[in-house]
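Geometric and topological summary
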Amino acid sequence: KAALDADEDIKAVSVVHNETSTGVAAPIEAIGKVMKDYDALYIVDTVSSLGGDYVDVDKFGIDVCITGSQKCIAAPPGMAAITLSDDAWAAADKVDSHTFYLDMQAAKKSGDKNPPQTPYTPSVSLTYAMNEALKMVMEEGLENRVARHHKAAKASVAAVKALGLELFADEKVSSATVTAVKMPEGITDADFRGTVRDKYGVELAGGQDHLKGNIFRIGHMGNISYKELVQTFAAIGMTLKGLGAIEDAGAGVASITESYL
Ligand SMILES: Cc1ncc(COP(=O)(O)O)c(C=O)c1O
């Protein structure tokens, strides 16, 4: 709000809803309320939240909402979805330096045809995969799916603490779809994630850039349930005990079972 008040030339505000690299969620509904008083477009990256956390595009006043196929929707990677409000279409109409593949007007012109078309060759196999994944989302129900993600996040946070590990993100802003954990003192990323992967068959994400080696990330987005979390926390517990970092290898698993009882 302060930045928008200080500069009336600001054309757009863009926010990443769910910071996948750190496990932090931004308050997109609250930011949307501020944005309603300004002409600037409100652009939200929901790549790792749509389908796993609350994203009510119209209610939150989002002008441009972008997501990917491969995260909470759980389709293969390679496809993006985008919504544009009337204001965003008006802005797109004023763009005269067109690209081809990302030309929104060309997409609209073809999409408005009956039946709808794409301006260029569509990825047919990915479209089938996305369609099937979205059917699964609708069968589960969006509310249920979001609640399931929140439950997995809460269970993961509790299990991390039960193992005596420290969360990277403040719990008040922690993500519904990925939990970032500080690497325990004296343990290297290669030893820890390498063992979790090679010995126990679970892939954890590492930190990026300056966080490389300092955190690891547990993804709980898409079609995951307590089963994957039990396996993941078993692998983490056994690895940390093997490396001499903790006493009780099963504390994380015990916590997951309590969370899902
Ligand atoms: C929040 C967020 N935005 C954008 C991207 C980029 O998505 P893609 O790699 O599909 O281009 C990612 C990928 O991990 C992401 O997590």
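For the structure, check the block above.
Below is a short write-up of the structure. Predicted model only: the values in this text are computed from it and were never measured.

This brings us to the packing of aromatic side chains. By the definition in use, this model includes two aromatic pairs. Judged by centre distance (4.6 Å) and plane angle (50 degrees), the ring pair of Phe192 and Phe216 falls under tilted. With a gap of 24 residues between them, Phe192 in helix H7 (residues 189–198) and Phe216 in strand E9 (residues 215–219) connect regions that are remote in the sequence.

Our next topic: unusual backbone geometry. In the segment running from Asn114 into Pro115, the intervening peptide bond is cis, with an omega of 0 degrees. Mapped onto the secondary structure, Pro115 falls in the loop between helix H4 (104–111) and helix H5 (124–140). Positive phi outside glycine occurs at Asp209, with the angle close to 50 degrees.

The probe, sized like a water molecule, is rolled over the atoms to show the empty space still left. Considering only enclosed or pocket space, the largest pocket measures out at about 1000 Å³ in volume. Lining of the largest pocket is provided by 28 residues; of these, Met79, Ala80, Ile82, Ala107 and Thr118 occupy positions nearest its centre. Looking at the lining of the largest pocket, the elements that each hand over two or more residues are strand E6 (80–84), H4 and H5. When grouped by side-chain class, the residues that make up the lining of the largest pocket number 17 nonpolar, eight polar and three charged.

So, on to empty space enclosed by the protein. Under the definition given, this model contains one cavity of 30 Å³ or more. For the largest cavity, the full set of lining residues is Thr22, Gly23, Val157, Leu167, Ala169, Ser174, Val178, Thr179 and Ala180. For the lining of the largest cavity, the per-class residue count stands at five nonpolar, four polar and no charged.

So, about the nonpolar core. Ranked by size, the top nonpolar core spans 27 residues in total, and within it Leu165, Phe192, Phe216, Ile218, Phe233 and Ile236 carry the most contacts. Of all the secondary structure elements, the ones that give two or more residues to this core are helix H6 (142–162), H7, E9, helix H8 (226–242) and helix H9 (251–260). Not counting the four nearest positions on each side in its chain, Phe233 is found in contact with Ser156, Ala159, Val160, Leu163, Ile218, Ala249, Gly252, Val253 and Ile256. Formed by 13 residues, the second largest nonpolar core is a distinct cluster that contains Leu4, Val55, Phe60 and Cys65.

A few words on the pattern of salt bridges. Counted by the stated rule, this structure contains eleven salt bridges. Asp189 serves as the salt-bridge partner of Arg193, at 2.8 Å between the closest nitrogen and oxygen. Taken together, the positions of Arg193 and Asp189, both in helix H7 and four residues apart, correspond to about one turn of that helix. In this pair, the class of Arg193 matches that of Asp189, namely buried. Residues participating in the shared-partner salt-bridge network are Glu140, Arg145 and Arg148.

Moving on, we come to the state of the cysteines. Under the definition given, this model contains zero disulfides. As a non-bridged cysteine, Cys65 has Cys72 as the owner of its nearest cysteine sulfur, 12 Å distant. Cys65 gets classed as buried once you look at its relative accessible area, which sits at 3%. By relative accessible area, Cys72 is classed as buried at 0%.

Helix packing geometry: the angle between the two helix axes and the distance between the axes. The N-to-C vectors of H6 and H9 enclose an angle of 145 degrees; their axes lie 8 Å apart at closest approach. As H6 runs across H9, the sense of the crossing is right-handed. Facing H6, whose interface residues are Lys151, Ala152, Ala155, Ser156, Ala158, Ala159 and Ala162, H9 presents Ala251, Gly252, Ser255, Ile256, Ser259 and Tyr260. Considered class by class, the residues forming the contact of H6 with H9 number eight nonpolar, four polar and one charged.

Moving on to the site of the ligand. Neighbouring the ligand are the residues Val16, Asn18, Thr20, Asp45, Val47, Ser48, Gln70 and Lys71. One of the side-chain nitrogen or oxygen atoms of Gln70 is found 2.8 Å away from an oxygen atom of the ligand. The protein chains hide 49% of the 390 Å² of surface that the ligand would expose on its own. Its residues placed into classes, the shell around the ligand shows two nonpolar, four polar and two charged.

Rules used throughout
Residues numbered from 1 in each chain as written. Predicted model: local features only at pLDDT ≥ 70, side-chain atom pairs only at ≥ 80, totals over all residues. Heavy atoms only, no water. Phe/Tyr/Trp six-rings, centres within 6.5 Å; stacked < 30°, edge-to-face > 60°. Helix = DSSP H or I, 4+ residues; strand = E, 2+ residues; numbered from the N terminus. 1 Å grid on protein atoms, 1.4 Å probe; cavity = no way out; pocket = protein on both sides within 12 Å on 5 of 7 lines; lining within 4 Å. Points joined across faces, edges and corners; volume = space filled by probe spheres on them. Nonpolar A, V, L, I, M, F, W, Y, C, P; charged D, E, K, R; others polar. Core = buried A, V, L, I, M, F, W, Y, C linked by side-chain atoms within 4.5 Å. Buried < 20%, exposed > 50% of the residue type's maximum accessible area, 1.4 Å probe, protein only. Contact = heavy atoms within 4.5 Å. Salt bridge = Lys/Arg side-chain N within 4 Å of Asp/Glu carboxyl O. Disulfide = S-S within 2.5 Å. Axes fitted to C-alpha atoms, helices over the stretch in contact; angles between N-to-C directions. Left-handed = near helix turned anticlockwise from the far one by under 90°. Near = heavy atom within 4 Å. Polar contact = N/O pair within 3.5 Å; in protein donor to acceptor, adjacent residues only side chain to side chain. Areas by Shrake-Rupley, 256 points an atom, 1.4 Å probe, with all protein chains shown as cover.

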